[in-house]
Amino acid sequence: MSSHPLFTDFSIPLSVTLAATIGLEDAVLLTIINQAAVLQHDSSRHGIRLARETVRQQLPFWDDVTIRRTLASLVDKGLVRLHGPMYPESIELVLSFDQSQSTVNASAQQGETSQAMGTGSIGRGSIGRGSIGTGSPSTSAIPTGHQGISNDWQPGADTLTRLQQHGIPTSFIWIQRDAFLLQGQEQGANRNDWNTRFFRFVKKQWVYAQNDAERQRLQQENQLNRSGFNVASDEAAPIGHQWRPSEDALQILQRSGIDQQFIDDAVAEFILYWRERGDALKTWNSKFIQHIRQQWARYSAAMEHSTVPLPIASDWQPSRDCYDILAMAHIDPQFARERVAEFVLYWRDSHQVHNSWNSRFLQYIKQQWARQLSQPTTQGGKNGQTTAEPDYTTVEASLRRLNDTSW
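Just so it is clear, the structure is predicted and the values come from calculations on it, not from any experiment. (Residues numbered from 1 in each chain as written. Predicted model: local features only at pLDDT ≥ 70, side-chain atom pairs only at ≥ 80, totals over all residues. Heavy atoms only, no water.)

A. How the structure looks around the overall build of the chain. Broken down by element type, the chain carries 17 helices and nine strands. Per-residue burial for the chain yields a buried fraction of 38% across its 407 residues. Considering only contacts within the chain whose residues lie at least 6 apart along the sequence, 69% involve residues at least 24 apart. Carbon and sulfur atoms make up 50% of the accessible area of the chain, which totals about 23800 Å². (Helix = DSSP H or I, 4+ residues; strand = E, 2+ residues; numbered from the N terminus. Buried < 20%, exposed > 50% of the residue type's maximum accessible area, 1.4 Å probe, protein only. Contact = heavy atoms within 4.5 Å. Areas by Shrake-Rupley, 256 points an atom, 1.4 Å probe, with all protein chains shown as cover.)

Structure representation (structure tokens):
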């Protein structure tokens, strides 16, 4: 009976028992390597040499990624040894078999004379025709030569690469080596796939470590939630009188180079503004960070810091940017203009010098504005309305302001 017309090329003699033992893909590649070893009579001394292009021609149904993965599997299982770069990084692969793996070679050769199951068209090559044999079930096809793990055992380079491709740090991999050795020695197991077992062991430990870290993070969040301190609620709520930015928010702002005093001065005005608006949010800390960053950017761009401290001039006036910054803080610019004269008078009488009078003026106005809001004076306004105006009409009040050096 003639064969199918599609079978026009050479075929790979494949042992069914070998494929059932180590897997179909591994069996196919191991057969290719074994046939090369049979053809190369000096392979036992110089290693089995396979050109990269020859491998591609003999396995045209696989891409380089599949070939590399399958070869790595053979190396991890201890069926072959790789001497030199991994495929396809070099133009030639150099491989060898362990002495204990001679039964694998014998099994692969036996597959050439097994009962024919038909030929497979796999592309052109120099191996010659053959048949995919069924092979008789025999334990000779199962790799032997299992050995225990030694104290100086180390994972293969390809195993390390595969673990790193899973996002596992190299330091974590090597930390697990001692535990793996101890486990293998205590079990007294004799195997030839220590690299494969190490790969699975490290992956499992990495998952455990990630789960532990996540569990610890959730526990810390739960503790903060139970304490009720500076933790964002799951429900939106108005800002409270006693609200303060969280430690995380302060650290973020400080790492941005924002002065701590500048942050502290802005808390009262931030609370006042949002209480008057009546908005309910879950992210007050994020809102505060955004507010401070905007004000600090304007403040940094506006302030002119002289390298030489100077006394304040008699006709000194704050820059236009000062009023813009105060407006961003929701402070009435007219309130600031009315206090320029007393600010200049005080600092001229004190005979002090500073690098930036604009900066001092901003701090002074913010403190005066906060003091006015926290200690309002109720007076009769138009149509019986109440107004919050500070008592600046008396000589005593003026003296108290001039003697106040807190700003």
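What follows picks up the thread again.
B. Representation of helix α5 (residues 64–76). Here α5 spans 18 Å end to end across 13 residues, near enough to the 18 Å set by a 1.5 Å rise per residue. For α5, the complete set of buried residues consists of T66, I67, T70, L71, A72, S73, L74 and D76. Once α5 finishes, G78 follows within two positions and takes phi at roughly 80°, a positive value. (Expected span 1.5 Å × (residues − 1).)

C. Representation of the pattern of salt bridges. One pass over the structure, following the stated rule, counts ten salt bridges. For the salt bridge of E89 with R68, the shortest nitrogen-to-oxygen distance reads 3.3 Å. Remark: R68 occurs in helix α5 and E89 occurs in the loop between β2 (81–82) and β3 (92–96); sequence separation between them is 21 residues. For E89, a relative accessible area of 55% corresponds to the exposed category. Residue classification places R68 among the partly exposed residues on the basis of a relative accessible area of 22%. The structure contains a network of salt bridges with shared partners spanning E53, R56 and D64. (Salt bridge = Lys/Arg side-chain N within 4 Å of Asp/Glu carboxyl O.)

D. Expanded view of the sheet that holds strand β1 (residues 48–51). Spatial strand order, β1-β3-β2: three strands in an open sheet with antiparallel pairing. Both edges of this open sheet fall to β1 and β2, since each of them pairs with a single strand only. Looking at chain direction, β2 and β3 are connected through two bridges and run antiparallel. Within the sheet, the bridge partner assigned to L82 lies in β3 and is L95. In the packing of helix α2 (residues 24–39) onto the sheet, contacts are made with β1 and β3, and the angle to β1 comes to roughly 115°. (Pairing = 2+ DSSP bridges. Axes fitted to C-alpha atoms, helices over the stretch in contact; angles between N-to-C directions.)

E. Structural detail: the packing of helix α7 (residues 157–165) against helix α8 (residues 170–187). In contact at an axis separation of 10 Å, α7 and α8 are set at 125° when each is read in the N-to-C sense. Taken as axis vectors, α7 and α8 run oblique relative to one another. Pair α7 / α8 crosses with right-handed handedness. Packed against α7, whose contacting residues are L160, L163 and Q164, the element α8 presents T170, I173 and W174 at the interface. (Parallel < 35°, antiparallel > 145°, perpendicular 65-115°, else oblique. Left-handed = near helix turned anticlockwise from the far one by under 90°.)

F. Looking closely at helix α11 (residues 260–277). Helix length check: α11 (18 residues) gives 26 Å between terminal C-alpha atoms against 26 Å at 1.5 Å per residue, within 8%. Listing the buried residues of α11 in full gives F262, I263, D265, A266, V267, E269, F270, I271 and W274. For α11, the N-terminal capping position is held by D259, with its side-chain oxygen 3.0 Å away from the main-chain nitrogen of Q261. (Polar contact = N/O pair within 3.5 Å; in protein donor to acceptor, adjacent residues only side chain to side chain.)

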